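Structural features, examined
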Amino acid sequence: MHSTPGAAEKPIRVVVAKPGLDGHDRGAKVIARALRDAGVEVVYTGLHQTPRQIVDTAIQEDADGIGLSVLSGAHLTLFAQVMDLLKEEDATDITVFGGGIIFEADIPPLLGLGVAALFTPGTPTREITDWVHAHIGSGSAQAATDLTSAS
């Protein structure tokens, strides 16, 4: 394997998004900053994004992943819409993960939709950044992982 001097691997690129009417973005900003500090290119979409806006942004930005933050309780609907739009756009190579206030009973259905991992309040940011480096942008398919119960 030969490498060009000074050539670096393409950095992981993640869209961090706040879908729906949820108006609290402190957690999303903390995760976006932690990912940036860990060498990930982050595009933060801001508040009140529709699933369509999020998917369009991810495609336009050539993102490897989408991190959704939902605190409103609408996670089942919003994650499902994002996953459906990714399929519709033939963009299922974009890995979706999420966090926020997600009820334990809702984790299996979300993973069943194809969401790769879910991080609930109290998850150390290092655990999230390590997961992103291990599961996004490598080009290999990864099994859905529920890190909320992996500890």
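Residues numbered from 1 in each chain as written. Predicted model: local features only at pLDDT ≥ 70, side-chain atom pairs only at ≥ 80, totals over all residues. Heavy atoms only, no water.

**With respect to a nonpolar patch on the surface**
Judged by side-chain polarity, Leu71, Ile101 and Phe103 come together as a nonpolar surface patch covering roughly 260 Å² of accessible area. Mapped onto the fold, Leu71 is located in the loop between β3 (65–70) and α3 (75–88). (Patch = residues over 30% accessible without salt bridge, like charges linked within 9 Å, V, L, I, M, F, W, Y side chains within 5 Å. Areas by Shrake-Rupley, 256 points an atom, 1.4 Å probe, with all protein chains shown as cover. Salt bridge = Lys/Arg side-chain N within 4 Å of Asp/Glu carboxyl O. Helix = DSSP H or I, 4+ residues; strand = E, 2+ residues; numbered from the N terminus.)

**Some remarks on the nonpolar core**
In this structure, Ile66, Leu68, Phe79, Val82, Leu86, Val96 and Leu118 are the most contacted members of the largest nonpolar core, which totals 25 residues. Those elements giving two or more residues to this core turn out to be β1 (13–17), α2 (51–60), β3, α3 and α4 (107–112). If we skip the residues at most four places from it in the chain, Val82 touches Pro51, Val55, Ile66, Leu68 and Val96. With 16 residues, the next largest nonpolar core counts Leu35, Phe119, Val132 and Ile136 among its residues. (Core = buried A, V, L, I, M, F, W, Y, C linked by side-chain atoms within 4.5 Å. Buried < 20%, exposed > 50% of the residue type's maximum accessible area, 1.4 Å probe, protein only. Contact = heavy atoms within 4.5 Å.)

**Observations regarding the environment of Ile31**
With respect to the secondary-structure elements, Ile31 resides in helix α1 (residues 26–37). A sequence separation of 95 residues divides Ile31 from Arg126, and the C-alpha atoms of the two residues are 9.6 Å apart. Look past the residues within four positions of Ile31 in its chain and what remains in contact with it is Thr125 and Ile128.

**Topic: the confidence of the model for the protein**
Across the protein, the average pLDDT comes to 88, with 85% of residues at or above 70. In this model residues 1–7 is a low-confidence stretch, pLDDT under 50, and it forms zero contacts with partners more than four residues away in sequence or in other chains. Predicted confidence is poor over residues 139–151, with pLDDT under 50, and the contacts of this stretch with residues over four places away or in other chains come to 23 contacts. (pLDDT = per-residue confidence, 0-100.)

**So, the pairing of β1**
Successive residues of a regular strand alternate their side chains across the two faces of the sheet. Summarising burial for β1: five of the five residues are buried, a large majority. In β1, alternate side chains face the same way, and those of Arg13, Val15 and Ala17 on one face and Val14 and Val16 on the other are all buried. Bridge count for β1 against strand β2 (residues 41–44) is four bridges, and the pairing is parallel. Considered in β2, the bridge of Val16 is made with Tyr44. As paired elements, β1 and β3 share four bridges and run parallel to each other. Its bridge partner lying in β3, Ala17 is registered against Leu68. (Pairing = 2+ DSSP bridges.)

**Remarks on the packing of aromatic side chains**
In total, this model carries three aromatic pairs according to the counting rule given. With a centroid separation of 5.5 Å and an interplanar angle of 50°, the aromatic rings of Phe97 and Trp131 are classed as tilted. Pair noted here: Phe97 is in strand β4 (residues 95–100) and Trp131 is in helix α5 (residues 125–135), with a separation of 34 residues, a long-range link. Phe97 gets classed as buried once you look at its relative accessible area, which sits at 3%. With 5.9 Å between their ring centres and 70° between their planes, Phe119 and Trp131 make a pair best called edge-to-face. With Phe119 in strand β5 (residues 117–119) and Trp131 in helix α5, this residue pair connects regions lying twelve residues apart in the sequence. (Phe/Tyr/Trp six-rings, centres within 6.5 Å; stacked < 30°, edge-to-face > 60°.)

**Quick look at the sheet that holds β4**
Read from one edge to the other, the open sheet built from five strands follows the order β2-β1-β3-β4-β5, with strand pairing classed as parallel. This sheet does not close on itself; its edge strands, each paired only once, are β2 and β5. Each adjacent strand pair in this sheet contributes to an overall mean axis angle of 20°, direction not counted. By the bridge criterion, three bridges tie β4 to β5 in an arrangement that is parallel. (Axes fitted to C-alpha atoms, helices over the stretch in contact; angles between N-to-C directions.)

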